[in-house]
Amino acid sequence: MKEKIELITKNFDEKEKKKLVKFMPSLALSTLEELNDLLKLLEQNGILITKASQIKVTLNTIEEIQNKFSVMDQIGEKDFFQEDPTRINLNAIDVYKRLTYCKQNNIPYKNEDGSYKNFLCSSTLWKNELELHNV
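Just so you know, these numbers come straight off a predicted model, no measurement behind them. (Residues numbered from 1 in each chain as written. Predicted model: local features only at pLDDT ≥ 70, side-chain atom pairs only at ≥ 80, totals over all residues. Heavy atoms only, no water.)

S.K.: I keep staring at the pattern of salt bridges and nothing clicks. Help me out?
M.R.: Pairing between side chains of opposite charge can happen when the charged atoms of each approach one another. Inspection of every chain in the model, using the stated rule, returns six salt bridges. The shortest N-O distance in the salt bridge between glutamate 83 and arginine 87 comes to 3.1 Å. Arginine 87 gets classed as buried once you look at its relative accessible area, which sits at 8%. (Salt bridge = Lys/Arg side-chain N within 4 Å of Asp/Glu carboxyl O. Buried < 20%, exposed > 50% of the residue type's maximum accessible area, 1.4 Å probe, protein only.)

Next up, the structure:
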């Protein structure tokens, strides 16, 4: 377990390392090799685990993450996961549908600073957004 902790926390600051204990059960569910391979895949796609709460991403299999990257890559929005790695835990098909709908109907889905709007990640917020656009 010590090796897993060292591997997962290499990009953590001291404050985040102190929060780690809360998320340690997630680390117990994978082997060191699986964790290493998963982190390499994330890094190859521009994603670094820098917060203890992001460790939950490691509960996905490499195949699941690759599929999610593929889905988002199809519409040119792979950076959706880079902005917040915990989004990998979302249903990528739902997010894909929301993004596609926004693009087809000229609904802004990014904030002025280029970050993604929260309604892409929540069914409730998505319904509210559709009501705003009279859909």
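S.K.: Could you clarify how one ought to interpret the packing of aromatic side chains in this entry?
M.R.: Aromatic rings considered in pairs are described by the distance between their centres and by the relative angle of their planes. In this structure the tally under the stated criterion is six aromatic pairs. On the numbers, 5.1 Å between centres and 85° between planes, the contact of phenylalanine 80 with tyrosine 116 is edge-to-face. Here phenylalanine 80 is found in helix H6 (residues 79-83), whereas its partner tyrosine 116 is found in the loop between helix H7 (92-104) and helix H8 (123-132), with 36 residues between them in sequence. Comparing phenylalanine 80 with tyrosine 116, the two get one shared label, buried. Ring centres of tyrosine 109 and tyrosine 116 lie 6.2 Å apart, and the angle between their planes is 25°; on these two criteria the pair is classed as stacked. Per residue, the accessibility class of tyrosine 109 equals that of tyrosine 116, and both read buried. Among the aromatic residues, ring-to-ring pairing joins Phe69, Phe80, Phe81, Tyr109 and Tyr116 into one connected group. Seen from the ring of phenylalanine 80, arginine 87 lies directly overhead, with NZ or CZ sitting 4.5 Å from the centre. (Phe/Tyr/Trp six-rings, centres within 6.5 Å; stacked < 30°, edge-to-face > 60°. Helix = DSSP H or I, 4+ residues; strand = E, 2+ residues; numbered from the N terminus. Lys NZ or Arg CZ within 6 Å of the ring centre and 35° of its normal.)

S.K.: How should the nonpolar core be read in this particular structure?
M.R.: Inside soluble globular proteins, nonpolar side chains tend to come together where they are buried. Counting residues in hydrophobic clusters, the biggest one holds 35 residues, and the most contacted among them are Ile8, Leu42, Ile55, Ile65, Phe69, Ile88 and Leu99. The set of elements that each furnish at least two residues to this core consists of helix H1 (2-8), helix H4 (32-44), helix H5 (62-74), H6, H7 and H8. Looking at this core element by element, the count peaks at five residues for H4. With residues near it in sequence (within four places) discarded, isoleucine 55 still touches Ile8, Phe12, Leu20, Phe23, Ser26, Leu27 and Ile49. (Core = buried A, V, L, I, M, F, W, Y, C linked by side-chain atoms within 4.5 Å. Contact = heavy atoms within 4.5 Å.)

S.K.: Help me understand empty space enclosed by the protein, please; the structure alone is not making it clear to me.
M.R.: Using a probe with the size of a water molecule, rolled over the atoms, empty space left in the structure can be pinpointed. For the coordinates displayed, the defined rule picks out one cavity of 30 Å³ or more. Here the largest cavity is characterised by a volume of approximately 50 Å³. Together, Leu7, Ile8, Lys10, Asn11, Leu39, Glu43, Ile47, Leu48 and Ile49 line the largest cavity. Those elements that place two or more of their residues in the lining of the largest cavity are H1 and H4. Of the residues belonging to the lining of the largest cavity, the class tally is six nonpolar, one polar and two charged. (1 Å grid on protein atoms, 1.4 Å probe; cavity = no way out; pocket = protein on both sides within 12 Å on 5 of 7 lines; lining within 4 Å. Points joined across faces, edges and corners; volume = space filled by probe spheres on them. Nonpolar A, V, L, I, M, F, W, Y, C, P; charged D, E, K, R; others polar.)

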